Amino acid sequence: MIEFCQWLQDLGWTTALRESQFLFPIIEGIHLLGLAFILGPVLMLDFRLAGIAWRDQPVSRIANAFVPYSVAGATLMFVTGGLLFAAEAVRCWNSAWFKVKVVLLIVAGANALYFHFKTQRGWGAWDTDAVPPPAARMAGILSIIFWAGVVLAGRWTAYTL
Amino acid sequence: MNMYPIYQWFDDTAIGHFIAGNTWAFPLTETFHIMALAVMFGCIFLIDLRLLGVNFGGISHARLFRELNRYINWSTVIIIVTGIMLFSSEATKAYENDAFRPKVVLLILALIFHYGVFNKAVRNEAVPSNAKLLAWTSLILWFGVGMAGRAIGFV
C-alpha cells in the first residue's frame, strides 16, 4: 500500500499539486466548506430521526427533501478529498488520524445504508411520530456522532500532517 | 490607531494562557469551532439553495428558516466563543498574520448582513423580490469567511 501511495504522489500532477502555493490550500478550503454541503442535508434527516428537529413533518418527507442533495455534497467531498490525498498520500497513510477518519467514514456509511435498507422499511408505522422508535432514533444519533468524529479526525489529520 | 495593545491584552488573559500552554486545548477548541461552523454554514446553505430555486420537497424558505434559525443562532454563539478562545491563545501571532484582519472584517460584514438583512427577508412566507441576490451575497460572504479562516493557517 505504501508503494502505491509513493507512486501516486510521485506522479507529475500530484507533485505539482503538493508543491503549488495556492491550489492545494484552495482545494483544502473547498473541502472544508464542502462539509456544509454534505452535513446540511445529512443533519436534517439525523435531527428528524433523533426527534430533535422537524418533529411535525413526516420522516419520509424530510428524507426525500434533503437526502438526494447529500449525494452531491458527498461527490464534492470525495473529489476534493481524493485530490488532497493523492498529493500527500504517503503522509496520509502514515497518519493514525487519517486512518481513524477513513474508518469513521466507512462506519457512517454503513450506518446510513443499514438505515436505508433495513430500518426505513418499516417507517410506514412511525412516519409521522414526533419521536421515532429506538432503532430509527439510534440511526440518527449514531450518524451525528460518527460525522462529528469524521470532522474531528479530519481536522487532526491536517494538524499532524 | 495602534491596535497592538488590544492583541497583547488578549494574549495575557487566563484563557489565552491556558489554551496556549496546553497541547490538547487548541485542537479540541478548534474542533468545536469547526463543527459549529459546519452546522451553521450547513443550515444557512440550505436556505440559500432554497432561495436559488432548489426545491426541498415543497418546504418553503420561511419554513426552513423557522426550523433552522435556533441552530444557526446557537452555532454562531459557539463559533464566536471558541473563536475568541482560539484568538486569545495566539493574539499577537494573529496580529502579524495577513489573513487574520480580512477574516475579521468579512466575519463582521457577514454577521451584519445575516442578522440585519437576511434574517428579516427570509422570515416571511412571501419569496423576497431579491431572493437570488440575498442568496448569493450570503454564500459569498460566508464562503469568504471560511476561506480567509483557512488561510490564517497557511500564510
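Predicted model only: the values in this text are computed from it and were never measured.

## A short note on the overall build of chain A
Per the secondary structure count, chain A includes 7 helices and 0 strands. For chain A, the N- to C-terminal ordering of α and β elements is α-α-α-α-α-α-α. Dimensions along the principal axes, computed over C-alpha positions, put chain A at roughly 55 × 25 × 25 Å. The 161 residues of chain A split such that 48% are buried. Residue pairs in contact within chain A that sit at least 24 positions apart in sequence constitute 78% of those at least 6 positions apart.

## Regarding the overall build of chain B
Along its length, chain B carries 7 helices and 0 strands. Walking chain B from its N terminus toward its C terminus, one meets helices and strands in the order α-α-α-α-α-α-α. For chain B, the spread of C-alpha atoms along the three principal axes comes to 50 × 35 × 25 Å. If you take every contact in chain B between residues at least 6 apart in sequence, the share linking residues at least 24 apart comes to 82%. Working note: accessible area of chain B is about 7900 Å², and carbon and sulfur atoms make up 69% of it. The averaged location of the 9 negative side-chain charges in chain B is 14 Å from the averaged location of its 11 positive side-chain charges.

## Some details on the layout of surface pockets
Looking at the second largest pocket, its volume works out to about 350 Å³. Looking at the second largest pocket, it is lined by 15 residues, and the ones nearest its centre are L43 and I144 of chain A together with M35, A36 and V39 of chain B. Elements with a contribution of two residues or more to the lining of the second largest pocket: α3 (23-50) and α7 (134-160) of chain A together with α3 (25-51) and α4 (61-89) of chain B. The class makeup of the residues in the lining of the second largest pocket is 14 nonpolar, 1 polar and no charged.

## Quick notes on the packing of α3 of chain A against helix α4 (residues 59-87) of chain A
Residue and element names in this part refer to chain A. Direction vectors running N to C along α3 and α4 enclose 155°, while the axes themselves pass 8 Å from each other. Here α3 lies roughly antiparallel to α4, going by the angle between them. In this structure, α3 meets α4 at a crossing whose hand is left-handed. Of the residues assigned to the contact of α3 with α4, the class counts are 24 nonpolar, 6 polar and 2 charged.

## So, unusual backbone geometry
A positive phi is found at W54 of chain A, a non-glycine position, where the angle reads about 60°. Looking at the element boundaries, W54 of chain A is found in the loop between α3 and α4.

## Let's talk about the nonpolar core
Counting 54 residues, the largest nonpolar core has L39, M44, W54 and F66 of chain A together with F56, L64 and L68 of chain B as its most contacted members. Of all the secondary structure elements, the ones that give two or more residues to this core are α3, α4, α6 (96-117) and α7 of chain A together with α3, α4, α6 (100-122) and α7 (131-152) of chain B. Counting residues per element, this core draws most heavily on α3 of chain B, at 13 residues. In this structure, A63, F115, A136 and A139 of chain A belong to the second largest nonpolar core, which totals 9 residues.

Criteria and thresholds
- Numbering of residues starts from 1 in each chain and follows the order in which that chain's sequence is written.
- Chain letters and ligand numbers both follow the written order, the letters beginning at A and the numbers at 1.
- Selection of residues for local features in this predicted model requires a pLDDT of at least 70, selection of side-chain atom pairs for listing and counting requires 80 or more, and totals for whole chains, interfaces and linings are taken over all residues.
- Each side-chain value is derived from all of the structure's non-hydrogen atoms; neither hydrogens nor water enter the calculation.
- In this text, helices come from DSSP runs of H or I with a minimum length of four residues, and strands from runs of E with a minimum of two, each type numbered from the N-terminal end.
- Think of it in three bands: residues with accessible area under 20% of the maximum for their type are buried, residues over 50% are exposed, and the middle band is partly exposed, with areas taken using a 1.4 Å probe on protein chains only.
- Contact definition: two residues touch when any of their heavy atoms are within 4.5 Å.
- Using the Shrake-Rupley algorithm and a 1.4 Å probe, accessible areas are obtained, with residue cover drawn only from the displayed protein chains.
- For the purpose of charge, His is not counted, nor are the chain termini; Lys and Arg are scored as positive and Asp and Glu as negative.
- Think of each charge as sitting on NZ of Lys, CZ of Arg, CG of Asp or CD of Glu.
- Definitions used throughout: a 1 Å grid over protein atoms alone; a cavity as a set of points that fits a 1.4 Å probe which cannot get out; a pocket as an open set with protein on both sides within 12 Å along at least five of seven lines; a lining residue as one with an atom within 4 Å of a point.
- Grid points are joined across faces, edges and corners, and a volume is the space filled by probe spheres set on the points.
- Under the convention adopted here, Pro, Cys and the residues Ala, Val, Leu, Ile, Met, Phe, Trp and Tyr are nonpolar, Asp, Glu, Lys and Arg are charged, and Gly plus all remaining residues are polar.
- A fitted line through C-alpha atoms represents every axis, and for helices the fit uses only the stretch in contact; the resulting angles, taken between N-to-C directions, go from 0 to 180 degrees.
- An angle below 35 degrees is treated as roughly parallel, one above 145 as roughly antiparallel, one from 65 to 115 as roughly perpendicular, and anything else as oblique.
- Note on convention: the crossing is left-handed when the near helix lies turned anticlockwise from the far helix by less than a right angle, right-handed when the turn is clockwise.
- As used here, the term nonpolar core means buried Ala, Val, Leu, Ile, Met, Phe, Trp, Tyr and Cys residues forming a set that is joined through side-chain atoms within 4.5 Å.

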